[in-house]
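Here is what each chain is made of, one letter per residue.
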Amino acid sequence: MSRIKEIRTSVYQWKGKTTPPQKNFCTNASDLLYEKSDAMGSFRFHEWLVCEIETDNGVVGIGNAALAPQLVKKTIDMYLKPLILGEDPFDSAYLWEKMYRRTLAWGRKGIGMTAISAIDIAIWDIIGKLTKKPIFKLLGGRTKEKIPVYVSKLYSQPIKDLQKEAEAYKKQGFKMYKMRFGWGPKDGPDGIKKNIELVKAVREVIGENSDLMLECYMGWNLDYTKRMIPQLVKFNPRWLEEPVIADDIHGYAELNNMNAIPISGGEHEFSLFGFKQLLDLKAVSYIQYDTNRVGGITAAQKINALAEAYQVPVVPHAGQMHNYHLTMANFNCPISEFFPVNDVEIGNELFYYIFDGEPVPDKGYINLSDEINGLGVSLSKKHLKDFNIIS
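Residues numbered from 1 in each chain as written. Predicted model: local features only at pLDDT ≥ 70, side-chain atom pairs only at ≥ 80, totals over all residues. Heavy atoms only, no water.

### Some remarks on the overall build of the protein chain
Link 1 in the chain: Broken down by element type, the protein chain carries 13 helices and 14 strands.
Link 2 in the chain: Rg of the C-alpha trace for the protein chain: 20 Å, near the compact-globule value of 21 Å for 391 residues, within the 12% margin.
Link 3 in the chain: For the protein chain, the spread of C-alpha atoms along the three principal axes comes to 65 × 45 × 45 Å.
Link 4 in the chain: Looking at the protein chain residue by residue over its 391 residues, the buried ones come to 59%. (Helix = DSSP H or I, 4+ residues; strand = E, 2+ residues; numbered from the N terminus. Rg over C-alpha atoms; globule rule 2.2 N^0.38 Å. Buried < 20%, exposed > 50% of the residue type's maximum accessible area, 1.4 Å probe, protein only.)

In structure tokens:
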């Protein structure tokens, strides 16, 4: 029997080349503030937490988290590490409940749940390595030959540049695309016009036979979204993502029940019970949890089962191996998100600089090998010079 011997946390701080975002790059929840500082600043991820859990027989599982890595590190080191040292990693359900219930007074959403996520992912990586199976095989196995992915970038930029970027993805064989808006309620009718022009420009390039997803990143409000939706319907978007802040679940419900454009969300929801509220209110047509925020693989599987009972598809946020395994193992997860490999900008790209093993799309699909053990990722040494590592 294996026992957990050590838990090591490290924060990888990016110090390499960074591409500065353009003005009106992407709407976000800070846009409604009157201050003129960098509204997108708190939504960039230029550091990442890595959690390594080692067993007494030398097997090391790797977990990760992108939200507030330094706070998550302290949470693991101070509160969660003592709870799981000496435990059997195969008792994953019990360990999850132990972490959740011992931190319930302050940790059930946000930082606490993100910290639990990092540990839970690492535990599942250990289980896969000890059984010599990929995680998706432990969750139910292969439910699809390969995973269709949508390319997720297309931030607000000059129209010609936006169309050039979309054309490049089209030539790579993608059939699904997600783009971002650049303007919100503060920008008035002129901003509405500019948003419509962005969508029109992308749809012109990709054609009518490709899926187009629209991302607001909590940068709108209920009133503004109700004004925008009638003007967006003609572009036939697959969904409108996070139009209002995550706590406005009744706003989500009102928008989704307009039955004009399917509403998606859940990237900033953290619990099984939170998703039940969204589903009970018919507030979303697509659920988009992120495994490294929502409590890890243990919790994500529960959300998948819940969503399937409501027949609401799950499309995990951000791609990445911890999400791909869940998509592969669940019928109710039809597609995945894929962030293209680029210079560091928002920070989602950091995953490619920290880890080796991420699958590469081929004509709009990715595949997971039956031969990998665990997650199938390892820590990369290629870009260490571009990080400051806090251990």
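### Section: the nonpolar core
Link 1 in the chain: Judged by nonpolar contacts, the single largest core of 118 residues is most densely connected at I53, I76, L232, L240 and I287.
Link 2 in the chain: For this core, the element with the highest residue contribution is helix 4 (residues 111-131), accounting for eleven residues.
Link 3 in the chain: Apart from the residues lying within four places of it in its own chain, the contact partners of I53 are I4, E6, I7, V59, V60, G61, I84, I119, A122, I123 and I126.
Link 4 in the chain: By size, the runner-up hydrophobic cluster in this structure holds seven residues, among which are M213, Y286, V315 and I335. (Core = buried A, V, L, I, M, F, W, Y, C linked by side-chain atoms within 4.5 Å. Contact = heavy atoms within 4.5 Å.)

### Brief notes about the packing of aromatic side chains
Link 1 in the chain: Per the stated rule, a full pass over the model turns up 15 aromatic pairs.
Link 2 in the chain: Through a chain of ring-to-ring contacts, the aromatic side chains of Y12, W14, Y353 and F387 assemble into a single cluster.
Link 3 in the chain: Over the ring of Y155 we find R180; its NZ or CZ atom is 4.7 Å from the centre of that ring.
Link 4 in the chain: Seen from the ring of W96, K302 lies directly overhead, with NZ or CZ sitting 5.3 Å from the centre. (Phe/Tyr/Trp six-rings, centres within 6.5 Å; stacked < 30°, edge-to-face > 60°. Lys NZ or Arg CZ within 6 Å of the ring centre and 35° of its normal.)

### Topic: the side chain of S92
Link 1 in the chain: Turning to its location among the elements, S92 is positioned in helix 2 (residues 92-102).
Link 2 in the chain: Exposure remark for S92: the relative accessible area of 11% places this residue in the buried category.
Link 3 in the chain: In this view, S92 contacts I123, W124, I127 and T298; residues no more than four positions away in its chain are not counted.

### Re the pairing of strand 4 (residues 147-152)
Side-chain direction in a regular strand flips from residue to residue, so the side chains alternate between the two faces of the sheet.
Link 1 in the chain: Most of strand 4 sits inside the fold, with six of its six residues counted as buried.
Link 2 in the chain: Burial along strand 4 is two-sided: I147, V149 and V151 and P148, Y150 and S152, pointing in opposite directions, are all buried.
Link 3 in the chain: Across two bridges, strand 4 lies against strand 12 (residues 365-366) in antiparallel orientation. Bridge pairing in strand 12 places P148 opposite Y365.
Link 4 in the chain: With three bridges joining them, strand 4 and strand 10 (residues 336-338) adopt parallel strand pairing. (Pairing = 2+ DSSP bridges.)

### Here's the deal with the environment of V11
Link 1 in the chain: If you trace the backbone, V11 turns up in strand 1 (residues 4-14).
Link 2 in the chain: For the pair V11 and V72, spaced 61 residues apart in sequence, the C-alpha to C-alpha distance is 9.4 Å.
Link 3 in the chain: In this structure, V11 is in contact with E47, W48, L49, P69, Q70, K73, N388, I389 and I390, ignoring residues within four places of it in sequence.

### Comments concerning the sheet that holds strand 1
Link 1 in the chain: The strand order across the open sheet formed by four strands is 3-2-1-14, and the pairing between neighbours is antiparallel. The open sheet has two edge strands with one neighbour each: strand 3 (60-65) and strand 14 (387-390). Between one strand axis and the next, the sheet turns through 25° on average, direction left out of account.
Link 2 in the chain: Strands in contact with helix 4 are strand 2 (47-55) and strand 3; relative to strand 3, the strand with the most contacts, it is inclined by about 150°. (Axes fitted to C-alpha atoms, helices over the stretch in contact; angles between N-to-C directions.)

### With respect to unusual backbone geometry
Link 1 in the chain: The phi torsion at K132 lies on the positive side, around 60°, for a residue other than glycine.
Link 2 in the chain: With respect to the helices, strands and loops of the structure, K132 is situated in the loop between helix 4 and helix 5 (135-138).
Link 3 in the chain: Classification of K132 by relative accessible area gives exposed; the value is 61%.
Link 4 in the chain: In this structure, Y217 takes a positive phi of about 50° despite not being glycine.
Link 5 in the chain: Judged by its relative accessible area of 7%, Y217 is buried.

### Description of the pairing of strand 1
Link 1 in the chain: Counting buried positions over the eleven residues of strand 1 gives eight, a clear majority of the element.
Link 2 in the chain: In terms of strand pairing, strand 1 meets strand 2 through nine bridges, oriented antiparallel. Residue pairing for strand 2: Y12 is matched across the bridge by W48.

Everything listed here is a matter of coordinates, which is why it stays silent on function.
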